[in-house]
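Inside the fold
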Amino acid sequence: MISTQQVEEVYRRLAKAMPGRTKDAKGPKGQPDPFRSCISCMLSAQSLDSNTAKASKALFALARTPQQMLALSDEEVAAAIKPCGLYNNKARNIRKFCTALLADHDGVVPRTREGLLGLPGIGRKCADIVMSFVFDEDVIAVDTHVHRVCNRIGLTDAKTAEKTAEQLEDRTPEWALRDGHFWLIQFGKRICLSRSPKCGECPVSDLCEFYAETT
Ligand code: SF4
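Residues numbered from 1 in each chain as written. Predicted model: local features only at pLDDT ≥ 70, side-chain atom pairs only at ≥ 80, totals over all residues. Heavy atoms only, no water.

As a reminder, the rule being used: UniProt positions are given in the numbering used here, feature names are shortened, and annotations may be inferred rather than shown by experiment.
As named in an unreviewed UniProt entry, the protein chain is Endonuclease III, taken from Aurantiacibacter sediminis. Looking at the Cofactor (unreviewed entry) heading of the UniProt record, one finds this comment for the protein chain: "[4Fe-4S] cluster". Among the UniProt annotations of the protein chain, the heading Sequence similarities (unreviewed entry) holds the following wording: "Belongs to the Nth/MutY family."

Here it is in structure tokens:
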């Protein structure tokens, strides 16, 4: 892994090169709804963003609260969310999630990572996305882009996104926690692409372990 000083330098350069939180996080309608954000995040597992959006739209046209969701049958939920794949499993998880949310939290999504992780269907990525995007906490949520970029550069050396999230939390300077997710995700989508990273345009190539090993 790269040194602590190099980690700081990577964040400094990405902060200059990439857009931060304000531009990407807030839509014209303000803060997202916590319940629907959890459901959308559950639907996003192994699904393209466009398919997740279609499934969310169809499902929220039928139900927008835990109570309304539980009034639907699993078959109705599965039919609505078909575009995002794994729909039978996801429909069952949504039922378990809504049941636990009502039983343990009176239907109110908890505002802590521990509380979120205690709900069926919510893993570290979903919990951190909700903490960051919905509750405006300084948390770096690790999706596939962030996981890939961090391990290529050497910010982390983890095999799973969950482990990357743990290492990143320890290694990220406090000033970068707020916008770190947005810099890393934009960097992964624009420059450090999955198949053909644009190393020639990269602002951190001199610090990148992958670049040093492959050139
Ligand atoms: Fe990604 Fe290439 Fe930049 Fe390394 S040098 S971070 S692999 S784009």
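**Some remarks on the site of the ligand**
The criterion, for reference: Only a single heavy atom is needed: when it lies within 4 Å of a molecule or strand, its residue is near that molecule or strand. The method works on a 1 Å grid over the protein atoms by themselves. A cavity is a set of points holding a 1.4 Å probe that cannot get out, a pocket is an open set with protein on both sides within 12 Å along at least five of seven lines, and residues with an atom within 4 Å of a point line them. A pocket or cavity is taken to hold a molecule when more than half of that molecule's atoms are within 2 Å of the pocket's grid points. To qualify as a helix, a DSSP run of H or I must reach at least 4 residues; to qualify as a strand, a run of E must reach at least 2; elements of each kind are numbered from the N terminus. Only Asp, Glu, Lys and Arg are considered charged in this grouping, and only Ala, Val, Leu, Ile, Met, Phe, Trp, Tyr, Cys and Pro are considered nonpolar; every other residue, Gly among them, is considered polar.
Taken together, Arg152, Ile153, Phe187, Ile191, Cys192, Pro197, Cys199, Cys202, Ser205, Cys208, Phe210 and Tyr211 make up the full set of residues near the ligand. A molecule is said to occupy a pocket when more than half its atoms come within 2 Å of that pocket's grid points, and by this definition the ligand occupies the largest cavity. Residue assignment for the shell around the ligand shows that the elements contributing at least two residues are helix H10 (144-153) and helix H14 (209-214). Split into classes, the residues belonging to the shell around the ligand amount to 10 nonpolar, one polar and one charged.

**A look at the UniProt feature "domain: HhH-GPD" (unreviewed entry) in the protein chain**
Summarizing the sequence annotation, UniProt attributes the feature "domain: HhH-GPD" (unreviewed entry) to residues 43-190 in the numbering used throughout. Taken as a whole, residues 43-190 contains 66% helix and 0% strand, while its terminal C-alpha atoms sit 24 Å from one another.

**As for the environment of Pro110**
Put simply, the rule reads: A contact between two residues is defined here by any heavy atoms of the two lying within 4.5 Å.
Here Pro110 shows up in the loop between helix H7 (87-105) and helix H8 (113-117). Sequence separation between Pro110 and Leu62 is 48 residues, and the spatial gap between their C-alpha atoms is 24 Å. If we skip the residues at most four places from it in the chain, Pro110 touches Leu101, His105, Gly115, Leu116, Leu119 and Phe135.

**Re the confidence of the model for the protein chain**
The following threshold applies: Scored from 0 to 100, pLDDT records how confident the predictor is in each individual residue.
Across the protein chain, pLDDT averages 93, with 95% of residues at or above 70. Note that pLDDT drops below 50 for residues 23-29; the model gives that stretch six contacts with residues more than four away or on any other chain.

**What to know about the domain arrangement of the protein chain**
The cut-off we apply is this: By convention here, the domain bounds are inherited from an automatic or database domain assignment. Values labelled buried area give the accessible surface lost by two parts on being combined, using a 1.4 Å probe and summing over both. The salt bridge criterion pairs a side-chain nitrogen of Lys or Arg with a carboxyl oxygen of Asp or Glu, the two atoms within 4 Å. A 3.5 Å cut-off defines polar contacts: any pair of N or O atoms within that distance qualifies, except that in protein one atom must be a possible hydrogen donor and the other a possible acceptor, and neighbouring residues in sequence count only when both atoms are side-chain atoms.
Each assigned domain of the protein chain is listed here: domain 1 (4-25 + 140-214) and domain 2 (34-134). Taken over C-alpha atoms, the centre of domain 1 sits 28 Å from the centre of domain 2. Taken together, the contact pairs 12 residues of domain 1 with eight residues of domain 2. The three residues of domain 1 that bury the most area against domain 2 are Arg21, Ala141 and Glu169, which together make up 38% of that side's buried surface. If you look at where domain 1 meets domain 2, you find two salt bridges. A salt bridge links Arg124 to Glu169, with the nearest nitrogen and oxygen atoms 3.7 Å apart. Between domain 1 and domain 2 we count one residue pair in polar contact (both at pLDDT 80 or more) in total. Secondary structure elements with two or more residues in the side of domain 1 that touches domain 2: helix H11 (161-171) and helix H13 (180-190). Tallying contributions element by element places H11 first for the side of domain 1 that touches domain 2, with four residues. Tallied by class, the residues present in the side of domain 1 that touches domain 2 amount to five nonpolar, one polar and six charged.

**Examining the pattern of salt bridges**
Side chains bearing opposite charge may pair, as long as their charged atoms lie close to each other. Worth spelling out the cut-off: Three labels apply to residues, based on accessible area from a 1.4 Å probe with only protein chains included: buried if under 20% of the type maximum, exposed if over 50%, partly exposed otherwise in between.
For the structure shown, the criterion picks out 13 salt bridges. Between Arg13 and Asp206 there is a salt bridge, with its nearest N and O atoms 2.6 Å apart. Taken together, the positions of Arg13 in helix H1 (residues 4-17) and Asp206 in the loop between H13 and H14 put the pair 193 residues apart, joining distant regions of the chain. A relative accessible area of 23% means that Arg13 is categorised as partly exposed.

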